[in-house]
Amino acid sequence: MSQQEGPMTTPHPLAPDWLTPITDSAGLEHKLLPTDAHRTGEGVLSIGGVDVERLAAEHGTPLYVISEADFRARARAFREAFCQAFAPETEVDVFYAGKSFLSTQVVGWVVDEGLCVDTASGGELALALAGGADPARVGLHGNNKSDAEIRRALQAGIGRIIADSLDEVQRIEQLAGELGVTAPVMLRLTPGVHASTHEYIATAHEDQKFGLSLAADVTAETTAETAGSPAERAVALALDSAHIELRGLHCHIGSQIFEPTGFEVAATKLIALLAKIRRDYGVELAELDLGGGHGIAYTEADEPRSPQEIAEALASTVKAACAQHGLSVPRISIEPGRAIVGPAGVTLYRVGVQKDVGVDTPDGDTAVRRYVAVDGGMSDNARGVLYDADYSAVLAGRRVIGEHVLSRVVGKHCESGDIVVRDVYLPAATARGDLLAVPATGAYCHSLSSNYNWLPRPAVVSVSDGVAHTMIRRETEDEMLSRDTGWAR
Ligand SMILES: *Cc1c(COP(=O)(O)O)cnc(C)c1O
């Protein structure tokens with residue numbers, strides 16, 4: 001049946017405008033699931049050649065499933081697209097943003113595909129190194145790095161520390177001096193461009209905790225030491241530091257960005273500063289990092305750009321800006337996280353209680369919204385609670401073509417905001433015990449997971465060529481209890 005016909009294709013009065021009524025989830029699956037997902041002859045979803053009912057039976061639910069082939073293909077696509085777009089002028093390093101999802105196995109894939117790893121804490125650094133990353137191809141971020149984290153990075157021989165403040169430049173200088181090493185440093189700047197999805201906002205001053213502003217410092221009385229922006233003062237300080245090798249400038253302008261315009265504006269501003277640094281100090285800094293934040297499709301409404309489109313837009317902007325200032329094109333780096341692991345991941349849940357709730361519509365009628373409760377929720381996917389993030393869902397253990405009803409997939413936590421999928425059409429026949437798959441959960445779901453309501457954190461399983469491998473095993477109640485030291489008498 002075509003989607004234009006029949007009563008069940010009338011939009012539900014409570015549905016958002018972007019949500020299309022369906023009688024079959026094939027279109028959603030094609031758009032949102034990993035590239036190696038398909039339906040078996042029996043209608044069961046299979047990912048990486050492994051049937052999801054088998055995964056759920058062997059590993060339990062909720063379960064994070066990550067397609068190795070999909071992850072690797074996306075990592076490779078970013079590296080190839082950016083290397084090609086910037087060739088022959090310069091080379092590109094792609095740093096996988098480890099905070100999106102990290103395990104030793106994932107570090108292995110990243111290294112295999114020729115990517116570097118970005119970390120944002122001592123713990124992430126430890127994990128990257130445990131996974132076999134070459135320390136020279138690891139970066140350390142963070143707006144409040146401890147001395148211990150900086151020391152650990154320097155002792156490991158890290159490839160770069162991205163300094164976030166003047167205070168940190170001073171501490172890196174001191175700690176590197178104490179250790180008798182030279183610290184490779186990039187400066188994280190806030191270029192006054194904040195981007196999300198389709199829009200970017202350009203302001204002089206960015207109201208946020210990260211980075212060094214490119215705008216003149218309004219908080220300081222102007223003296224010789226405080227002249228210029230915090231960014232310029234950090235450049236002066238770093239160039240003047242005996243134990244710092246200033247490698248270049250960095251910016252990260254937001255996340256879930258679809259349009260390349262924000263990246264282009266930021267790159268142009270940073271290149272203008274590179275030109276000023278050459279005028280003032282006679283130094284051409286070697287590197288420029290344009291950050292991560294590349295958007296992905298969470299629902300049918302999202303239309304992300306391909307790595308090629310982003311790379312080509314950025315390469316032409318960067319090359320033109322460098323030519324205008326008579327600079328050679330610096331070595332470029334980018335830091336995608338979500339765009340590599342997000343679409344490669346799916347969360348499987350078991351359906352439990354369902355409720356049809358009468359809800360007042362804007363035009364004074366009553367309509368039914370179906371609440372479909374699953375066996376996880378905000379403890380395994382906090383993005384709904386944190387960002388009002390939208391997701392989609394499909395029935396995974398069987399294929400149903402026919403009537404679909406407007407549904408809200410909710411968790412089992414003691415919060416009414418515990419919503420996994422705010423609006424989705426699910427088969428009317430969805431029943432207790434059915435498996436649901438929520439696509440695009442590879443990034444920032446396991447990373448942000450918690451033990452709220454004392455739920456053990458789910459396992460993360462990779463699938464490839466018909467084989468499932470437990471990357472991170474399910475937490476047990478005993479493990480959670482073991483942190484409780486008992487009551488003092
Ligand atoms: C979070 C972050 C990234 C990755 O962002 P994605 O949206 O996952 O691509 C890259 N760089 C920095 C500095 C970040 O903080």
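For the structure itself, consult the block above.
Predicted model only: the values in this text are computed from it and were never measured.

Rules behind the numbers
- Residues numbered from 1 in each chain as written.
- Predicted model: local features only at pLDDT ≥ 70, side-chain atom pairs only at ≥ 80, totals over all residues.
- Heavy atoms only, no water.
- Pairing = 2+ DSSP bridges.
- Helix = DSSP H or I, 4+ residues; strand = E, 2+ residues; numbered from the N terminus.
- Buried < 20%, exposed > 50% of the residue type's maximum accessible area, 1.4 Å probe, protein only.
- Contact = heavy atoms within 4.5 Å.
- Core = buried A, V, L, I, M, F, W, Y, C linked by side-chain atoms within 4.5 Å.
- Domains from an automatic or database assignment.
- Expected span 1.5 Å × (residues − 1).
- Phe/Tyr/Trp six-rings, centres within 6.5 Å; stacked < 30°, edge-to-face > 60°.
- Axes fitted to C-alpha atoms, helices over the stretch in contact; angles between N-to-C directions.
- 1 Å grid on protein atoms, 1.4 Å probe; cavity = no way out; pocket = protein on both sides within 12 Å on 5 of 7 lines; lining within 4 Å.
- Points joined across faces, edges and corners; volume = space filled by probe spheres on them.
- Nonpolar A, V, L, I, M, F, W, Y, C, P; charged D, E, K, R; others polar.

K.L.:
Run through the sheet that holds strand S3 (residues 50–51), naming residues and quoting values.
P.N.:
A sheet is described by the order of its strands in space; here three strands give the open sequence S1-S2-S3, paired in antiparallel fashion. The open sheet is flanked by strand S1 (37–39) and S3, the only strands paired with a single partner. Both S1 and strand S2 (residues 45–47) contribute to a ladder of three bridges, which runs antiparallel. Residue pairing for S2: His38 is matched across the bridge by Ser46.

K.L.:
With reference to specific residues and values, describe the side chain of Ser46.
P.N.:
Secondary-structure assignment places Ser46 in strand S2. Classification of Ser46 by relative accessible area gives buried; the value is 4%. Not counting residues up to four positions away in its chain, the partners in contact with Ser46 are Asp36, Ala37, His38, Thr40 and Asp51.

K.L.:
Can you break down the nonpolar core residue by residue, with the values?
P.N.:
The biggest cluster of nonpolar side chains holds 103 residues, and the ones touching the most others in it are Phe86, Tyr96, Leu187 and Leu249. The leading source of residues in this core is helix H9 (residues 261–281), at nine residues. Residues lining this core come from more than one domain, with at least three contributed by each of domain 1 (30–67 + 344–487) and domain 2 (89–341). When sequence neighbours within four positions are dropped, the list of residues in contact with Phe86 reads Val92, Ala311, Leu314, Ala315, Val318, Lys319, Val329 and Ile332. Membership of the second largest hydrophobic core comes to 30 residues, among which are Ile22, Leu55, Tyr425 and Ala459.

K.L.:
Give a description of helix H10 (residues 307–325) that names residues and reports values.
P.N.:
With 19 residues, H10 extends 27 Å from end C-alpha to end C-alpha; this agrees with the ideal 27 Å at 1.5 Å per step. Residues of H10 that are buried: Pro307, Ile310, Ala311, Ala313, Leu314, Ala315, Thr317, Val318, Ala321 and Cys322. In this fold, the buried residues of H10 make contact with helix H3 (68–86), H9 and strand S16 (331–334). In the stretch just after H10, Gly326 is the one whose phi turns positive, near 65°.

K.L.:
I'd love a proper account of the packing of aromatic side chains, names of residues and values included.
P.N.:
Two aromatic rings, taken as a pair, are described by how far apart their centres are and by the angle between their planes. Under the definition given, this model contains five aromatic pairs. Taking the centre distance of 6.3 Å and the plane angle of 15° together, the rings of Phe82 and Phe86 count as stacked. In this pair, Phe82 and Phe86 both sit in helix H3, four residues apart, roughly one turn of the helix. For the pair formed by Phe82 and Phe86, the shared burial category is buried. Judged by centre distance (5.1 Å) and plane angle (75°), the rings of Tyr298 and Tyr391 are edge-to-face. Note that Tyr298 is positioned in the loop between strand S15 (287–289) and H10 and Tyr391 in the loop between helix H12 (383–387) and strand S19 (394–395), a separation of 93 residues in sequence. Grouping aromatic residues by their ring pairs yields a cluster made of Phe71, Tyr96 and Trp109.

K.L.:
Go over the sheet that holds strand S10 (residues 193–197), please, and point to the residues and values.
P.N.:
The strands making up a sheet are joined through hydrogen bonds of the backbone, oriented either antiparallel or parallel. Overall, mixed pairing links the three strands, which are arranged S11-S10-S14 in an open sheet. The open sheet is flanked by strand S11 (199–202) and strand S14 (254–257), the only strands paired with a single partner. Each adjacent strand pair in this sheet contributes to an overall mean axis angle of 25°, direction not counted. In this sheet, S11 lies alongside S10 in antiparallel orientation, the contact comprising four bridges. Residue pairing in the sheet places Val193 in a bridge with Ala202 of S11. Each of S10, S11 and S14 touches H9; the most contacted strand, S10, lies at about 165° to it.

K.L.:
Explain the environment of Gly211 to me, using residue names and the numbers behind them.
P.N.:
Summarising the element assignment, Gly211 is placed in the loop between S11 and strand S12 (212–213). With 40 residues separating them along the chain, Gly211 and Arg171 place their C-alpha atoms 16 Å apart. Filtering out sequence-adjacent residues up to four positions away, Gly211 remains in contact with Asp164, Arg188 and Thr190.

K.L.:
An account of the layout of surface pockets is requested, with residue identities and associated values reported.
P.N.:
By volume, the second largest pocket amounts to about 610 Å³. For the second largest pocket, the lining is made up of 31 residues, of which His30, Lys31, Leu33, Arg74 and Pro343 are closest to its centre. With five residues, the single largest contributor to the lining of the second largest pocket is helix H1 (residues 26–32). Of the residues contributing to the lining of the second largest pocket, the split by class is 17 nonpolar, six polar and eight charged. A domain-level breakdown of the lining of the second largest pocket finds at least three residues from each of domain 1 (30–67 + 344–487) and domain 2 (89–341).

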